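# Coordinate inspection notes
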Amino acid sequence: MINVDVLVFDDFIDTVDVVFVEKSVAVINDKLDLDEDVWIEIVIVDQDTSKDLNKKFRDIDSSTDVLSFPVDKSYINKDLTGIDVGKNYIGEVVISYKDVKEQATSKGYSMKFEMAHVIMHGILHLLGYNHDNSSGSVEFIKLEENIMSEVVELFGFKKTDQLKMHLDGGNI
């Protein structure tokens, strides 16, 4: 089971539907059927913070919709800034609210569909899934489509969002 803490920058505290974020994680959790309980944090940030993190950790000087920061397993059971990082803490997903909103608008997706997608995308990276090579990309895209079809059904999103995602080859 995926347990989640959702943290939202003050700029978006009245805009982000934290319950929706938690429900999205629950849907993803049901589709993945993990062997053990894990704990993650999802942090909704502004574009400046996203840009700073992207520059620092990926050497890319622009904001991005989602970043995943898996826990370095060498830190297991050590205290990091007051948080006991146990074996079940797998990391943090950082989402730029404005980037997600702009991306949804530019591709014609609903905001909630796009938010659910970046949440799922970030969690898959935390769990070790990768799309940097051809075999990993195929598996990653199939898993994304499978999970998003469930998200579409459960949340009653437009089927066209799912179709567009499929036609884009998972490139949302």
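Just above, that's the structure.
Presented here is an overview of the structure given in this document. (Residues numbered from 1 in each chain as written. Predicted model: local features only at pLDDT ≥ 70, side-chain atom pairs only at ≥ 80, totals over all residues. Heavy atoms only, no water.)

A few words on helix 4 (residues 111-126). Taking 1.5 Å as the rise per residue, helix 4 with 16 residues should run 22 Å; its terminal C-alpha atoms sit 23 Å apart, in good agreement. Extensive coverage of helix 4 is indicated by the burial of 13 of its 16 residues. Once helix 4 ends, the next one or two residues include Gly128, with phi positive near 100°. (Helix = DSSP H or I, 4+ residues; strand = E, 2+ residues; numbered from the N terminus. Expected span 1.5 Å × (residues − 1). Buried < 20%, exposed > 50% of the residue type's maximum accessible area, 1.4 Å probe, protein only.)

This part takes up the environment of Lys51. With respect to the element layout, Lys51 can be found in helix 2 (residues 47-58). The class of Lys51 is partly exposed, set by a relative accessible area of 34%. Each C-alpha atom, one on Lys51 and one on Asp61, is 6.3 Å from the other, the two residues being ten residues apart in sequence. Beyond its immediate stretch of four places on either side in the chain, Lys51 contacts Ile60, Asp61, Ser62 and Ser63. (Contact = heavy atoms within 4.5 Å.)

As a further point, take a negative patch on the surface. A surface patch of like charges, here negative, comprises Asp30, Asp33, Asp35, Glu36 and Asp37. Here Asp30 is to be found in helix 1 (residues 18-32). (Patch = residues over 30% accessible without salt bridge, like charges linked within 9 Å, V, L, I, M, F, W, Y side chains within 5 Å. Areas by Shrake-Rupley, 256 points an atom, 1.4 Å probe, with all protein chains shown as cover. Salt bridge = Lys/Arg side-chain N within 4 Å of Asp/Glu carboxyl O. Lys, Arg positive; Asp, Glu negative; His and termini not counted. Charge placed at Lys NZ, Arg CZ, Asp CG, Glu CD.)

Moving on: the packing of helix 3 (residues 97-107) against helix 4. Relative orientation and spacing of two packed helices are given, respectively, by the angle between their axes and the distance between those axes. Contact geometry of helix 3 with helix 4 gives a least axis separation of 9 Å together with a crossing angle of 125°. Between helix 3 and helix 4, the interaxial angle falls into the category oblique. Crossing geometry of helix 3 relative to helix 4 is assigned as right-handed. On helix 4, the residues that touch Tyr97, Val100, Lys101, Gln103 and Ala104 of helix 3 are Met111, Glu114, Met115 and Val118. Looking at the contact of helix 3 with helix 4 residue by residue, the class counts come to six nonpolar, one polar and two charged. (Axes fitted to C-alpha atoms, helices over the stretch in contact; angles between N-to-C directions. Parallel < 35°, antiparallel > 145°, perpendicular 65-115°, else oblique. Left-handed = near helix turned anticlockwise from the far one by under 90°. Nonpolar A, V, L, I, M, F, W, Y, C, P; charged D, E, K, R; others polar.)

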